[in-house]
Amino acid sequence: MPQITIKMYEGRSNAQKEEIVEVFTRELSRIIEREPEFISIRFDEIPIDEHAPANLRNKR
């Protein structure tokens, strides 16, 4: 069971995360020739801090 863990700053919309899941799942499935239902994607969201990009810091 392939699993992808994506670490990124919090603040992305559900629509953005759904698109990430769709694209990563489709491409990994194609590359490794494995059915999409066996691929798992997890997001580890990091709290926004002073190192986050300005566009995310401004959303706080």
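Before reading further, recall that the structure is shown in the block above.
Residues numbered from 1 in each chain as written. Predicted model: local features only at pLDDT ≥ 70, side-chain atom pairs only at ≥ 80, totals over all residues. Heavy atoms only, no water.

### Some thoughts on the nonpolar core
Part 1 of the argument: Among the nonpolar cores identified, the biggest contains five residues, and these are I4, I6, M8, I39 and I41.
Part 2 of the argument: Sorting elements by how many residues they give to this core places strand β1 (residues 3-9) first, with three residues.
Part 3 of the argument: If we ignore the near neighbours within four places in the chain, the residues touching M8 are K17, I20, F43, D44, E45 and I46. (Core = buried A, V, L, I, M, F, W, Y, C linked by side-chain atoms within 4.5 Å. Buried < 20%, exposed > 50% of the residue type's maximum accessible area, 1.4 Å probe, protein only. Helix = DSSP H or I, 4+ residues; strand = E, 2+ residues; numbered from the N terminus. Contact = heavy atoms within 4.5 Å.)

### A look at the pairing of strand β2 (residues 40-46)
Part 1 of the argument: Summarising the sheet, β1 and β2 pair through seven bridges and their orientation is parallel. Pairing of T5 across the sheet is with R42, part of β2.
Part 2 of the argument: With respect to chirality, the unit in which β1 leads through helix α1 (residues 14-32) into the neighbouring parallel β2 is right-handed. (Pairing = 2+ DSSP bridges. Right-handed = clockwise from strand over helix to strand, strands pointing away.)

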